[in-house]
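Observations on chain architecture
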Amino acid sequence: MVKPILEAKGNGKILVILGIVFVGISMVVAILLGDSLFQGDEFSEQLFSVVPTFFPLALGAFLFAMGVRFAKTRITVYDDHIEGNCVVNNLNRDFYLKYEKISSVSLDKSVVLIQSDGVTHKINLSAKDAIEIVKYLNTKI
């Protein structure tokens, strides 16, 4: 069995935590507004009571979903190929790439971007792991 040279798992903890915080904020606002939610004669009054509740809820749900998705990303580097799970076109996908198929490897903050056959594979890692992976992959392509 071939042993991996490098392995790293995705990092989405901060987004998950922020998502939970924003959902919590929306719940607190909804509790504080209580009966006044959806009350008022004018549309602007109703909108003013609804937006502070539902905007943080929607933002929190979005951040939570993004965090879970990024936490699923991973990469395993072998001597002749890489494999793992990445985000392509906003969907998580498994991948297997030989070094010959990789056209470029770059880093955007802590997201490793691997270009292959016109497709960008995005793997969100810790900053330390991302730098190490990019340095190694750039020596192989």
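Residues numbered from 1 in each chain as written. Predicted model: local features only at pLDDT ≥ 70, side-chain atom pairs only at ≥ 80, totals over all residues. Heavy atoms only, no water.

**Comments concerning the nonpolar core**
Test applied: We define a nonpolar core as any set of buried Ala, Val, Leu, Ile, Met, Phe, Trp, Tyr and Cys residues linked to one another through side-chain atoms lying within 4.5 Å. The classification of residues rests on relative accessible area computed with a 1.4 Å probe and restricted to protein chains. Under 20% of the type maximum is buried, over 50% is exposed, and intermediate values are partly exposed. To qualify as a helix, a DSSP run of H or I must reach at least 4 residues; to qualify as a strand, a run of E must reach at least 2; elements of each kind are numbered from the N terminus. Contacts are assigned to residue pairs that have any heavy atoms within 4.5 Å of one another.
Core analysis: the largest hydrophobic core is formed by 20 residues, its most contacted members being Ile75, Ile82, Ile114 and Leu137. Of all the elements in the fold, those that place two or more residues in this core are strand 1 (6–9), strand 2 (74–77), strand 3 (81–88), strand 4 (91–98), strand 5 (102–108), strand 6 (111–116) and helix 3 (127–140). Per-element accounting of this core gives the leading share, four residues, to helix 3. Discounting residues that sit within four places of it in the chain, Leu137 has contacts with Ile75, Val77, Ile82, Tyr99, Val105 and Ile114.

**Section: the packing of aromatic side chains**
So the rule is basically this: The pairing test for Phe, Tyr and Trp rings, Trp by its six-membered ring, is centres within 6.5 Å, and the orientation test on the planes gives stacked under 30 degrees, edge-to-face over 60, and tilted for anything in between. Here, over-ring charges are defined by two tests on the NZ atom of lysine or the CZ atom of arginine: distance to the ring centre within 6 Å, and angle to the ring normal within 35 degrees.
Per the counting criterion, the structure on display carries zero aromatic pairs. One Lys or Arg, Arg69, reaches over the ring of Phe70 and ends 5.8 Å from the middle of that ring.

**Here's the deal with the confidence of the model for the chain**
How we decide: Confidence scores labelled pLDDT are given residue by residue by the predictor and lie between 0 and 100.
Taken residue by residue, the chain gives an average pLDDT of 88. The fraction at 70 or more is 88%. Per-element mean pLDDT across the chain ranges from 82 in helix 2 (residues 43–71) up to 96 in strand 2.

**Some points on unusual backbone geometry**
The backbone of Asn89 sits at a positive phi, close to 50°, despite the residue not being glycine. Counting through the fold element by element, Asn89 comes out in the loop between strand 3 and strand 4. The exposed category is assigned to Asn89, whose relative accessible area is 70%. One non-glycine residue, Asp117, lies in the positive phi region at around 55°. Here Asp117 lies in the loop between strand 6 and strand 7 (119–124). Look at Asp117 and you get exposed, because its relative accessible area is 60%.

**Focus on the pairing of strand 4**
Stated precisely, the cut-off is as follows: Strand pairing is assigned whenever DSSP detects at least two bridges linking the two strands.
As paired strands, strand 3 and strand 4 are joined by eight bridges and run antiparallel to one another. Residue pairing for strand 4: His81 is matched across the bridge by Lys98. Counted along the chain from strand 3 to the antiparallel partner strand 4, the turn is two residues long, and its residue Asn89 has a positive phi close to 50°.

**Thoughts on the pattern of salt bridges**
Here the idea is simple: oppositely charged side chains can pair when their charged atoms come close. Operational definition: What counts as a salt bridge is simple: a side-chain nitrogen of Lys or Arg found within 4 Å of a carboxyl oxygen of Asp or Glu.
Taken as a whole and judged by the stated rule, the model has three salt bridges. A salt bridge links Asp94 to Arg74, with the nearest nitrogen and oxygen atoms 3.8 Å apart. Taken as a pair, Asp94 in strand 4 and Arg74 in strand 2 lie far apart in primary sequence, 20 residues in all. Asp94 gets classed as exposed once you look at its relative accessible area, which sits at 60%.

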